[in-house]
Amino acid sequence: MRGFFGLAAAVVAGLLAQSGADPTVARPGGIDDIIITEDNILNSTTTVKEFKVNAAQAGALPISVVNNFDGGMYMYITGQDSSGVPCLLGANGQFVYPQADNTGVPIEIVANVALPLNGVGQTTVVTLPQALISARIWFARGQLKFYTVKDGNGVSAIVEPSAANPADPSAGVQWGFIEFNYDGTTIYANISFVDFVGLPLGMGLTLSTGQQQIVQGLQAGSVSNICNNVIQERSADGQIWDQLCVVSSSGQALRILSPNLYVSANPTGFSGYYDNYVNQVWSQYTNQDLTINTQTGYGNVACRVANNQLTCAGDNRAYPKPTTADIWGCNSGPFAIIASDNDIHRAVVPRLCAAFTRSTLLLAGGNLQPSLGQTSYYTVSPTSHYSRIVHNYETNGLGYAFSYDDVNPDGQNAAGVVSGSNPTSLKITVGGWS
Ligand SMILES: *[C@@H]1O[C@H](CO)[C@@H](O)[C@H](O)[C@H]1NC(C)=O
Ligand SMILES: *[C@@H]1O[C@H](CO)[C@@H](O)[C@H](O)[C@H]1NC(C)=O
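Numbering of residues starts from 1 in every chain and runs along the sequence as written. The naming scheme follows written order: chains are lettered A onward, ligands numbered 1 onward. The predicted nature of this model means local features are confined to residues of pLDDT at least 70 and side-chain atom pairs, given and counted, to a pLDDT of 80 or more, with totals for whole chains, interfaces and linings taken over all residues. For side-chain calculations, the full set of non-hydrogen atoms in the structure is used, while hydrogens and water are omitted.

## Quick word on the overall build of the chain
Inference 1: By the criteria applied, helices consist of DSSP H or I runs no shorter than four residues and strands consist of E runs no shorter than two, each listed in order from the N terminus. The helix and strand tally for the chain stands at 8 helices and 25 strands.
Inference 2: Only C-alpha atoms enter the radius of gyration; for comparison, a globular chain is expected to reach 2.2 Å times N to the power 0.38, where N is the number of residues. For a compact globule of 434 residues, the expected C-alpha radius of gyration is about 22 Å, and the chain comes in at 22 Å, within 12% of that figure.
Inference 3: Each principal axis of the C-alpha atoms in the chain carries an extent, and together these give about 65 × 60 × 50 Å.
Inference 4: Looking at the chain as a whole, 53% of its 434 residues qualify as buried.
Inference 5: Accessible surface, the chain: about 17,300 Å² in total, of which carbon and sulfur atoms supply 48%.
Inference 6: This count recognises Lys and Arg as positive and Asp and Glu as negative, with His and chain-terminal groups excluded. Just so you know, the charge point we use is NZ for Lys, CZ for Arg, CG for Asp and CD for Glu. Across the chain, the 18 positively charged side chains and the 29 negatively charged ones have centroids separated by 3 Å. Type-normalised accessible area, obtained with a 1.4 Å probe on protein chains alone, sets the label of each residue: buried when under 20%, exposed when over 50%, and partly exposed for intermediate values. Surface accessibility follows the Shrake-Rupley procedure with a 1.4 Å probe radius. Residue values consider only the protein chains on display as shielding.

This is the structure:
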């Protein structure tokens, strides 16, 4: 059995038998099974305004990919060109513009956009010809399926593989991506596990000054290890952490969904998980201040619970109690930011949601947020065991496991970002840094 399924599958399958764990099984379907959400459509709704692309300056960017993972790997590059139009990098080195029809039904993109990687231990260099924003570089053990459908502006959008949907046509393939914006002069790239963990990816950016930035990313073997750890957490506390692990029909670990992505598709999952904790926090900060260090010119602001809401000095709105789903996503309920919110509100939301996600609010010293360092995060339940486990496998702890992972006491950093102007090359490793 071990030889047949491979080691990762054997480890997961072995645990399944022992613990009665119940991971999600990917059962890839067809066009009818595609679910389009904001996580897997790239349309002409753009952030281009922020990126004034100067075509005259827009330089080509070499991307070198080190394959430490497996044979039969492919990469894909998706994004919006300097006019905001969705496109993919074709095997001929030029952007490919998908052409949707008017039926409203996604059609598969059949142009040659699968860029094969050289074998294990080898490097493959691909040149991005010009600026690309809202971009992703996808890596897959096998080929992915991309589709196109017209968006509300009549522009052909790209429908991408969805990690949240176990019946997505690409669900049976192991894949992951890095995200970047490159306006032709300045690049910002990140590895993010806010939605899921798919493949161990690392990044190195070199600028024309010679400066190098490195985010080594997840260690080799992380996907099966994290799957095993979430399955163990199910045994430890009875919560449905095992469901976050997605396996193939033969039991091979493919990806781990964040609880936020999981509940987006399974709204009753984890319901009430944080409720007692939220009640205790509300009770504690009825009688004493919760101080938020805005880490801005506004300094520290004092917050207190009254009438079931947390109110902070100088903040334009109070905070009702968050639900568990509000804590996972940090962008709904009390954590939704609206246009009229002032700077203090915009500083409190990330710090408050990070404190709930990491369960630091009732620890000694937790009445000042952020102030406790990374060794205090995720030390008591309920907590985001997903974030805890993912950070355990990140080299140097770098890489967002939830959307406000960049909230830290001054001087600490958990973001997996490289950025700068006039990049001369972007290096990416697949399957562990080297
Ligand atoms: C693009 O997709 C998002 C997410 O589904 C949607 O909210 C938006 O309306 C779409 N834009 C257009 C122009 O269709
Ligand atoms: C990662 O980068 C992309 C592209 O710039 C951006 O849209 C996304 O919000 C970033 N993610 C995080 C967690 O910063």
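## Some remarks on the sheet that holds strand β22 (residues 309–312)
Inference 1: Within the open sheet, the 4 strands sit side by side as β22-β21-β20-β23. Their pairing is mixed. Two strands close off the open sheet at either side, each with one partner strand: β22 and β23 (368–369).
Inference 2: Strand pairing follows a simple DSSP-based rule, namely that at least 2 bridges must link the two strands. Bridge analysis of strand β20 (residues 290–293) against strand β21 (residues 300–306) gives 4 bridges, and the strand direction is antiparallel. Paired with T291 across the strands is A302, a residue of β21.
Inference 3: Sitting on the sheet, helix α5 (residues 275–287) touches β20, β21 and β22, and the angle it makes with β21 is about 110°.
Inference 4: In what follows, a contact means two residues having at least one pair of non-hydrogen atoms within 4.5 Å. Helix axes are fitted only over the stretch in contact, all axes being lines through C-alpha atoms; the angle between N-to-C directions runs from 0 to 180 degrees. Where helix α7 (residues 343–358) meets the sheet, its contacts fall on β20, β21, β22 and β23, and the angle it forms with β20 comes to roughly 115°.

## Observations regarding the domain arrangement of the chain
Inference 1: For the purposes of this description, domain bounds are those given by an automatic or database domain assignment. According to the domain assignment, the chain contains domain 1 (31–221 + 417–430) and domain 2 (275–381).
Inference 2: One C-alpha centre belongs to domain 1, the other to domain 2, and the line joining them spans 35 Å.

## So, the packing of aromatic side chains
Inference 1: Two rings from Phe, Tyr or Trp (for Trp, the six-membered ring) form a pair when their centres sit within 6.5 Å of each other. Planes less than 30 degrees apart are called stacked, planes more than 60 degrees apart edge-to-face, and all others tilted. With the rule as written, the count across this model stands at 21 aromatic pairs.
Inference 2: Each ring, one from W138 and one from F146, has its centre 5.3 Å from the other, and the planes form 90°; the classification is edge-to-face. Of the two residues examined, W138 and F146, each falls in the buried class.
Inference 3: For the ring pair Y274 and Y277, a centre distance of 6.2 Å and an interplane angle of 70° mean the geometry is edge-to-face.

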